[in-house]
Amino acid sequence: MTVQSPPDILCIGSVLWDVIGRTEQAMRQGSDMPGRITRLPGGVALNIGMALSRFGLAPALLSAVGRDAEGDELIAACGVRGLRTDLIYRSDDLPTDRYMAVEGGNGLIAAIADAHSLETAGDKILTPLSDGRLPAPYTGAVALDGNLTIDLLSQMAFSPLLDHADLRVAPASPGKALRLGPFLQAGRGTLYVNLEEAGLLCQATFDNSRDAATALLSRGAVRAVVTDGGNPATVGAPSGLITQNPPPVSVTRVTGAGDTFMAAHIAAEIKGAAPDAALTQALSAAAQYVSGETKI
């Protein structure tokens, strides 16, 4: 099989439909409010890929998408957004995954991620790394999301196929933060986590991103990028810590903000930005996203 030109970055993980209900009013459990419900292409890997495309890179997706009508529509939507989809595992018997969230004026109220097809597909989504469709071992940038199973993430953390890759890893949600444990054990990759996720990985509670990044490094992380909403974010590496304040903005949406931050940071570094400049660009991109200035 002929090896095609490699993409700028591989985005491995969830590719699904986001169903988001939003209202400008504050909500609590049991609230019933008027608002808008949208359906958009989503999933951590896809959100990162779409953002990377907006930042001028050419990403390819490794994921599982059903051969149902929703899957065909999703693949077409990805293509329109400049994403390479020919490496995606298309299943005849697994439905296309979905994510559902409710957001109020006071932030995310609740969310359910149905990524069972991705989890069931398992290492079938990694076949392009070993069958000649991608160079092996892979040496480019790779964005991973925690919607993958712990077994698959462990396999990737120690896989010789990715031994020389620039791994960038996000947990997808606090509930899946512990799935990033293998990357601490292997001493591989850059971890992108928020303050809560850092606390779960370190089995501690942190007051700020700087303390959290320091703790992650002490537990084996090669590099850690810790965000804390509108509070200062920190990039921690053996060379030192960089902490910056995000721009103050009015929040109009939150789902996908972390993915936008991660993509902007990766894109800036791929293009050669210095560590402090890359963090500044990522915080600015995330601020524009949550304020509604960035089009999806």
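What you see is a predicted model; the values in this text were computed from it and never measured.

> What's the story with the environment of Arg168 in this structure? I'm lost.
Position of Arg168 among the secondary structure elements: in strand 10 (residues 166-170). Counting along the chain gives 24 residues from Arg168 to Tyr192, while the straight-line C-alpha distance between them is 7.3 Å. Aside from chain neighbours lying at most four places away, what touches Arg168 is Val142, Ala143, Leu144, Thr190, Tyr192, Arg223, Met262, His265, Ile266 and Glu269. A distance of 3.0 Å separates the side chain of Arg168 from the side chain of Asp166, its partner in a polar contact.

> Teacher, can you tell me more about the confidence of the model for the protein chain here?
When pLDDT drops low, the exact placement of atoms in the prediction is not to be read closely. Counting all residues, the mean pLDDT for the protein chain is 92, and 97% of those residues have values of 70 or more. Between the elements of the protein chain, mean pLDDT differs from a low of 88, seen in strand 8 (residues 107-114), to a high of 98, seen in strand 14 (residues 240-244).

> For this particular structure, what's the right way to read the pairing of strand 10?
Each regular strand carries side chains that alternate between the two faces of the sheet. Burial analysis of strand 10 places four of its five residues in the buried class, which makes it a mostly covered element. Here strand 9 (residues 141-145) runs beside strand 10; their pairing, made up of five bridges, is parallel. When the bridges of strand 10 are listed, Val142 appears paired with Leu167. As paired elements, strand 10 and strand 11 (residues 190-194) share two bridges and run parallel to each other.

> What exactly am I supposed to notice about the nonpolar core here?
Generally speaking, soluble globular proteins have nonpolar side chains that are buried together. Within the largest apolar cluster, 42 residues are counted, with the highest numbers of intra-cluster contacts made by Leu10, Ile12, Ile125, Val142 and Leu216. Not counting chain neighbours up to four residues away, the residues in contact with Leu216 comprise Leu184, Val193, Ala198, Leu201, Cys202, Ala221, Ala224 and Val226. Grouped together as the second largest cluster of nonpolar side chains are 38 residues, Leu83, Ala170, Ala264 and Ile266 included.

> Would you take a moment to explain the sheet that holds strand 12 (residues 223-228) for this structure?
As a general point, the strands of a sheet are linked pairwise by backbone hydrogen bonds and lie either parallel or antiparallel. Across the sheet, eight strands lie side by side as 4-1-9-10-11-12-13-14; this open sheet has mixed pairing. The open sheet has two free edges, formed respectively by strand 4 (59-62) and strand 14, since each of these has just one partner strand. Strand-to-strand twist across the sheet, computed as the mean angle between neighbouring axes with direction ignored, equals 15 degrees. Judged from the four bridges that link them, strand 1 (residues 9-12) and strand 9 form a sheet pairing that is parallel. Residue Ile9 lies in a different strand from strand 9, and its bridge partner there is Ala141. Together, strand 11, strand 12, strand 13 (231-237) and strand 14 form the strand contacts of helix 7 (residues 209-218), whose direction differs from that of strand 13 by roughly 20 degrees.

Cut-off values and rules
Residues numbered from 1 in each chain as written. Predicted model: local features only at pLDDT ≥ 70, side-chain atom pairs only at ≥ 80, totals over all residues. Heavy atoms only, no water. Helix = DSSP H or I, 4+ residues; strand = E, 2+ residues; numbered from the N terminus. Contact = heavy atoms within 4.5 Å. Polar contact = N/O pair within 3.5 Å; in protein donor to acceptor, adjacent residues only side chain to side chain. pLDDT = per-residue confidence, 0-100. Buried < 20%, exposed > 50% of the residue type's maximum accessible area, 1.4 Å probe, protein only. Pairing = 2+ DSSP bridges. Core = buried A, V, L, I, M, F, W, Y, C linked by side-chain atoms within 4.5 Å. Axes fitted to C-alpha atoms, helices over the stretch in contact; angles between N-to-C directions.

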